[in-house]
Amino acid sequence: MKALVLSGGSGTRLRPFSHSMPKQLIPIANKPVLAYVLENIRDLGVTEIGIVTGDRGEQIAAAIGDGSRFGVRITYLRQDAPRGLAHAVTTARDFLGDDDFVMYLGDNMLLNGIADAAARFRARRPAAQILVHKVPDPRAFGVAQLDEDGRVLALVEKPQEPCSDLAMIGVYFFTSVIHDAIAAIGPSPRGELEITDAVQELVGRGTSVQAIEYDGYWKDTGDVEEVLECHRKVLEGLRPDTGDADVVDSELIGAVVLESGARVVRSRIEGPVVIGAGTLVEDSSIGPCTSVGSGCVLRDTGLRDSIVLDGSSVTGVHGIGGSLIGRAASVTAADKNPRHRIVIGDHAGVEVAV
């Protein structure tokens with residue numbers, strides 16, 4: 001089995017961050033979403049992974065490399081434009097050959113892994129196997145209608161009147177039969193080759209298509225709220241580790257991780273919190289549910305339930321919560337006691353005032 005990871009989306013819901021970085025590289029507890037995806041695939045014993053990218057391919061390759069640090073081999077595949085998930089499979093046709101493969105959307109977090117689903121696919125080997133999850137409002141998803149044995153009866157992309165509450169969640173297992181199905185479909189009304197239409201083509205032919213209801217934690221990290229919710233969930237499993245960090249006249253409570261070279265001076269940190277390598281926290285109160293990237297400076301600051309990316313500085317701002325602060329951004333305050341939610345992109349500067 002091979003793997004195909006789709007990482008070419010534009011991430012419009014994550015602007016301003018997606019103006020300067022691919023959404024798949026947004027860090028969750030100081031690790032890119034895409035890294036969690038690759039680790040889940042590696043845990044299946046799959047080592048040949050193709051990553052389909054768009055015009056941010058160089059950034060993704062620089063962050064992920066050749067895959068050796070994940071124990072896999074990565075081939076980068078350029079999609080010339082966002083023409084749909086099924087078109088991405090066509091782009092990867094030479095890489096995939098006639099092998100079975102798992103297709104995984106690169107901005108999806110499935111914290112319990114997909115090993116059980118992979119084992120069922122290998123045992124039964126249907127033409128296609130999709131993962132579904134119950135959602136309160138299925139209209140924004142591809143929706144599956146199943147029989148009592150988990151066989152797919154119908155699939156509809158973003159229906160106004162859903163036939164069920166089971167949404168397709170961005171992990172698919174295919175045999176090579178999917179290539180013929182994709183060749184048989186045309187673009188959808190939005191001008192894309194939809195993988196939903198290709199799987200429906202298999203259903204219409206009477207080919208075996210199965211679904212598995214995923215009962216673990218799943219999140220599509222497509223906007224700031226979803227990123228922060230997923231961030232909280234990941235931090236629940238954090239274990240304290242202060243390593244070689246320098247802690248001076250400070251209080252650390254609960255699960256606090258201080259990466260190499262971090263320095264905490266006259267501060268209070270309440271976990272779960274991750275402080276990145278080489279970051280300085282001084283005269284500040286940090287956490288809970290916060291991660292700070294590497295090379296940051298936090299002075300005279302109060303920060304909770306937030307993500308701060310590499311190289312940023314926050315000075316003189318208290319009460320920051322539910323915030324996402326981009327790389328090398330600068331946040332200062334005219335007032336010592338604001339209560340603000342801050343969402344700023346890379347290299348931005350903002351002065352927070354009441």
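Keep in mind that what you see is a predicted model, and the values were worked out from it rather than measured. (Residues numbered from 1 in each chain as written. Predicted model: local features only at pLDDT ≥ 70, side-chain atom pairs only at ≥ 80, totals over all residues. Heavy atoms only, no water.)

Undergrad: How would you summarise unusual backbone geometry if you had to cite specific residues and measurements?
TA: Following G271, the chain continues to P272 via a peptide bond in cis, the omega torsion being 5°. Within the secondary structure, P272 sits in the loop between β18 (268-270) and β19 (273-275). Going from G287 to P288, the amide bond is cis rather than trans, its omega being 5°. Locating P288 in the fold gives a position in the loop between β21 (285-286) and β22 (290-292). Phi at A29 takes a positive value of approximately 55°, unusual for a residue other than glycine. Examined against the element boundaries, A29 turns out to sit in the loop between β2 (27-28) and β3 (31-32). Positive phi values are uncommon outside glycine, yet R125 reaches one of about 50°. Locating R125 in the fold gives a position in the loop between α5 (115-124) and β8 (128-134). (Helix = DSSP H or I, 4+ residues; strand = E, 2+ residues; numbered from the N terminus.)

Undergrad: Quick one: what's the story with the side chain of D305, residue by residue and with numbers?
TA: Topologically, D305 is positioned in the loop between β24 (302-304) and β25 (306-308). Sequence-distant contacts of D305, defined by excluding residues within four places in its chain, comprise L228, R232, P288, C289, T290, G321, G322 and S323. (Contact = heavy atoms within 4.5 Å.)

Undergrad: Which residues make up the pattern of salt bridges, and what values go with them?
TA: All told, the structure shown has 22 salt bridges when counted by the stated rule. Of the charged contacts in the structure, one is a salt bridge between D99 and K2, with a shortest N-O distance of 3.2 Å. With D99 in the loop between α4 (93-96) and β6 (101-105) and K2 in strand β1 (residues 2-7), this residue pair connects regions lying 97 residues apart in the sequence. R151 serves as the salt-bridge partner of D147, at 3.2 Å between the closest nitrogen and oxygen. When its relative accessible area of 22% is taken as the criterion, D147 is described as partly exposed. R151 gets classed as partly exposed once you look at its relative accessible area, which sits at 42%. Look at the salt bridges and you will find they share partners, linking R266, E282, D283 and R299 into a network. (Salt bridge = Lys/Arg side-chain N within 4 Å of Asp/Glu carboxyl O. Buried < 20%, exposed > 50% of the residue type's maximum accessible area, 1.4 Å probe, protein only.)

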